[in-house]
Amino acid sequence: MNKRWQLICGIIIFVIAFWLKYLPLYIISYLILGYDIFIKAFNNIKKKEFFDENTLMIIATVGAFIINENIEAVLVIMLYQIGETLSDYALDNSKEKIASLMDLRGDFARLIKDDKEKKVSPSKVKVGDIILVKPGEVVPLDGICLDDDISLDTKSLTGEARPLVVKINDEVLSGSVVVSKPLRIRVTKDGDNSTVSKIVKFMKNAEENKTKTESFITRFSHIYTPVVCLLALLIFLIPTLLGYNYVDFLYKALIFLVISCPCALVISVPLSFFSGIGRCSREGILVKNTTVLEKASKISKIYYDKTGTLTTGEFNIASIVPSKGVSISLLKELVTAGELYSNHPLSKILSFSDAKVKKSDVTSLEEIAGIGVKCQYKKKELVVGRDVNNHNISAVGTVVSVNYDHKEMGYIVISDNLKDTSKEAVDELNSFLIEQTMLTGDREKYAMKIAKELNINYRASLLPVDKAEIVKKSLTNNDVVAFVGDGINDAPALVTSDIGISMGGIGSDMAMEASDVILMHDDLRDINKFIRISKYTNIKIRQNIVFALSFKILILLLGLIIDLPIYLAIFADVGVMLLTILNSLLVFKKNFN
């Protein structure tokens, strides 16, 4: 039966039973509301797990029926199911489709044998075989490059937009996309051991490990339930052995069980998590799992991807530096002319709308892989591309030199700038004494400059599996490790970490599916807010636990000393439950800005 209809039907029959004061209807309502609790308890007993919240619910409610407290028996189950429903509603386990989203793997391989090309499944290619990958196609298997000056788009692997130029004997990784011209590869790893296959395996294994966490209530009940049952047994046995009327103390033991039923805890704990998740959602922070909200308060290490996470992920002009005697407008004109017919990914960035260039003035265009563009512009040689003049520039980014008529005309720096909020976010997190490290596929010198600006640690020239390995080695029983990323290449590290955090606005579908937390505003400062909400939520949970248990102990002691009417104990217990609920809802009112 659907949980919602289970609650509706059970509550309706309970109301009718209350109106008619008819015991069979109370029992029917009880069975409708609690049948799944009996099933869970039975299954746990088969696993030799005798003490959990389900067992305590059954013992307490059956005891309530025995002492003719029918309303209390049904209410206990009803409140428990409401709490469980709220907890279930807060959970969103949508990561099972992660592997199906992987589109980095080539669907086929062009196997070259006896100078003939044949399309085959990558699984049929052996180590040592030669395959051909044409422009626009995905490299299906890892191997060694057999051609010179081949441009590869490796953004899916490294997260970097800058094309990688490989030469003969360079390593080529599966998942790369050929940009410039056909590429021949001598395969070095079969399909099961290729880079992309390892990424998929990493994600599957990490995901399976993370979904085995027990709920808070279950962990708590492993201690609470046997203690309560033992005390109830002692309340009955000790006076009976001393010669007192066993009927009176059986009644007291049953009352003890009913009063000790943790209604306030059962509903306030999941409601606190639900309130925390709801508050996060209001702030543009989507949390997929209540366990994540519980652990976030203990984050001690955060690893960041660089491109698109700490930086904007969009390359732009950082500076335009003309040589002495050369105007900025002339430098723009020359760069635009050089990039007019180029297919290079950066050509759009290097085309200036205010530069007046006639297409007829650009002739003899030649793209030189790994170097740049050479052409004739107004019948003079123009070269735009790699910084062949070796400028000593401190700015972070790619330097594009411009030479015209064999003279240096200046250079342009293209950079992926830090987000405006990155420095502030990192500084805020320092107040929590969190160790912060940047993991990037970018080159050492660029990574070092970004890290220095933010005053954090860094590791450079990393592949997705490298990032995941670093995160995995950091995982301990005492430390909670978070990883923040935005691209497909970040998915392995996101699912390997204790808490994966992705960008919702610019992040890939893969990253969002692989993560536990999504920042819809793409603002790293929301991590600080997320941690503060987590800490406050956990404080409310601890307050509820201490208050509820303290009050219950007080009522239980009074019940042993004096003949406390059970309806007063139940009334007091409901009052405690309402107070804990109100305390849980304070998460919505707190100012976290």
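Details of the structure are given in the entry above.
What you see as residue numbers is a count from 1 along each chain, following the sequence as written. It should be noted that, the model being predicted, local features are given only for residues of pLDDT at least 70 and side-chain atom pairs only at 80 or more, the latter also being counted only at that level, while totals for whole chains, interfaces and linings use all residues. The side-chain quantities take in all heavy atoms of the structure and omit both hydrogens and water.

**Topic: the overall build of the protein**
Rule in force here: Only DSSP runs of H or I reaching four residues or more are called helices, and only runs of E reaching two or more are called strands; each is numbered from the N terminus. Per-residue accessibility, obtained with a 1.4 Å probe over protein chains only, is compared with the maximum for each type, and a residue is labelled buried under 20%, exposed over 50%, and partly exposed between these values. Contacts: residue pairs with any heavy atoms within 4.5 Å of one another. Only the protein chains shown count as covering a residue, and every accessible area follows the Shrake-Rupley method with a 1.4 Å probe.
Looking only at helices and strands, the protein has 19 helices and 22 strands in total. For the protein, the proportion of its 593 residues judged to be buried stands at 52%. Partitioning the contacts of the protein with sequence separation of at least 6, the portion at a separation of at least 24 is 65%. Accessible surface, the protein as shown: approximately 28400 Å² in total, 58% of it carbon and sulfur.

**Side note on the environment of Gly143**
Position of Gly143 among the secondary structure elements: in strand β4 (residues 143-145). Remark: the alpha-carbon pair of Gly143 and Arg186, spanning 43 residues in sequence, is separated by 5.2 Å. Excluding anything up to four places from it in sequence, Gly143 contacts Asp170, Glu171, Val172, Ile185, Arg186, Val187 and Thr188.

**Observations regarding the sheet that holds strand β19 (residues 457-459)**
Which entries qualify depends on this criterion: We treat two strands as partners when DSSP finds at least two bridges between them. Note on definitions: angles span 0 to 180 degrees between N-to-C directions of axes, and those axes are lines fitted to C-alpha atoms, for helices only across the stretch in contact.
With respect to topology, seven strands assemble into an open sheet ordered β10-β22-β21-β20-β11-β18-β19, the strand pairing being mixed. A strand with exactly one partner marks an edge of an open sheet, and here the two such strands are β10 (285-287) and β19. Averaged over neighbouring strand pairs, the angle between their axes works out to 20° when direction is ignored. Strand contacts of helix α14 (residues 444-454): β18 (435-439) and β19, with the helix running at about 160° to β19, the strand carrying the most contacts.

**Some remarks on the packing of helix α1 (residues 3-20) against helix α2 (residues 23-46)**
In plain terms, the rule: An angle counts as roughly parallel when it lies under 35 degrees, as roughly antiparallel when it exceeds 145, as roughly perpendicular when it falls between 65 and 115, and as oblique in every other case. Crossing handedness: left-handed means the near helix sits turned counterclockwise from the far one by under a right angle, and right-handed means the same turn made clockwise. Put simply, Ala, Val, Leu, Ile, Met, Phe, Trp, Tyr, Cys and Pro go in the nonpolar bin, Asp, Glu, Lys and Arg in the charged bin, and everything else, Gly too, in the polar bin.
It is at 8 Å that the axes of α1 and α2 come closest, and there the two elements cross at 160°. Comparing the axis directions of α1 and α2 gives the class roughly antiparallel. By crossing handedness, the relation of α1 to α2 is classed as left-handed. Across the interface between the two elements, Lys3, Gln6, Leu7, Cys9, Gly10, Ile11, Ile13, Phe14, Ile16, Ala17, Phe18 and Leu20 of α1 pack against Leu25, Tyr26, Ile28, Ser29, Ile32, Leu33, Gly34, Tyr35 and Asp36 of α2. For the contact of α1 with α2, the residue count by class is 15 nonpolar, four polar and two charged.

**Overview of α2**
For clarity, the cut-off: Note on bend: the value at a residue is the angle between axes fitted to the seven residues ending there and to the seven starting there.
A bend of about 55° at Gly34 is the largest found in α2. Leu25, Tyr26, Ser29, Tyr30, Ile32, Leu33, Gly34, Asp36, Ile37, Ala41 and Asn44 are the residues of α2 that are buried. At the C-terminal side of α2, Lys48 shows a positive phi close to 65°.

**Focus on the packing of aromatic side chains**
Going by this rule: Note on ring pairs: Phe, Tyr and Trp rings are taken, using the six-membered ring of Trp, and paired if centres are within 6.5 Å. Classes follow the plane angle, with under 30 degrees stacked, over 60 edge-to-face and the rest tilted. Placement of a positive charge over a ring is assigned whenever Lys NZ or Arg CZ falls within 6 Å of the ring centre and within 35 degrees of the normal to the ring plane.
Overall, the coordinates contain eight aromatic pairs when judged by the stated rule. On the basis of an interplanar angle of 45° and a centroid distance of 6.3 Å, the ring pair of Phe547 and Phe551 is categorised as tilted. Of this pair, Phe547 and Phe551 are both found in helix α18 (residues 525-561), four residues apart, which corresponds to roughly one turn of the helix. For Phe547, a relative accessible area of 34% gives the class partly exposed. Three or more aromatic residues joined by ring pairs form one cluster here, namely Phe14, Phe18 and Tyr26. Taking NZ or CZ as reference, Lys21 lies 4.1 Å from the ring centre of Phe18, over its face. In this structure, Lys119 is placed above the aromatic ring of Phe108, and the distance from its NZ or CZ to the ring centre is 4.3 Å.

**Let's talk about the nonpolar core**
Most often, soluble globular proteins have nonpolar side chains that are buried together. Quick reminder of the rule: Buried Ala, Val, Leu, Ile, Met, Phe, Trp, Tyr and Cys residues form a nonpolar core when they are joined through side-chain atoms within 4.5 Å.
Within the largest apolar cluster, 61 residues are counted, with the highest numbers of intra-cluster contacts made by Ile299, Ile302, Tyr304, Ile499, Ile527 and Phe530. A per-element tally of this core places α18 first, with ten residues. Ignoring anything within four residues of it in the chain, the contact list for Ile527 reads Ile302, Tyr304, Leu429, Val484, Ile501 and Leu519.

**Thoughts on a nonpolar patch on the surface**
For clarity, the threshold we go by: Patch building starts from residues that exceed 30% relative accessible area and form no salt bridge, then joins like charges within 9 Å and nonpolar side chains (Val, Leu, Ile, Met, Phe, Trp, Tyr) within 5 Å. By salt bridge we mean one thing: a side-chain nitrogen of Lys or Arg within 4 Å of a carboxyl oxygen of Asp or Glu.
Among the surface-exposed residues, Ile223, Val227, Leu230, Leu231, Leu233, Leu234, Leu237, Ile238, Leu241, Leu242 and Tyr244 lie close enough to one another that they form a single nonpolar patch of about 1100 Å² accessible area. Structurally, Leu241 can be placed in helix α7 (residues 216-241).

**Remarks on the sheet that holds β4**
Ordered in space as β2-β1-β3-β9-β4-β7, the six strands form an open sheet in which the pairing is antiparallel. Of all the strands in the sheet, the pair left with one neighbour each is β2 (116-120) and β7 (171-172). Bridging between β4 and strand β9 (residues 183-187) involves three bridges; their strand directions are antiparallel. By the bridge assignment for β9, Gly143 is matched with Val187.

**Regarding the pairing of β9**
Here is the key point about a regular strand: its side chains alternate between the two faces of the sheet. The side-chain alternation of β9 yields one buried face, formed by Leu183, Ile185 and Val187, and one unburied face, formed by Arg184 and Arg186. As paired strands, strand β3 (residues 130-133) and β9 are joined by four bridges and run antiparallel to one another. In the strand pairing of β9, Ile130 is matched with Arg186.

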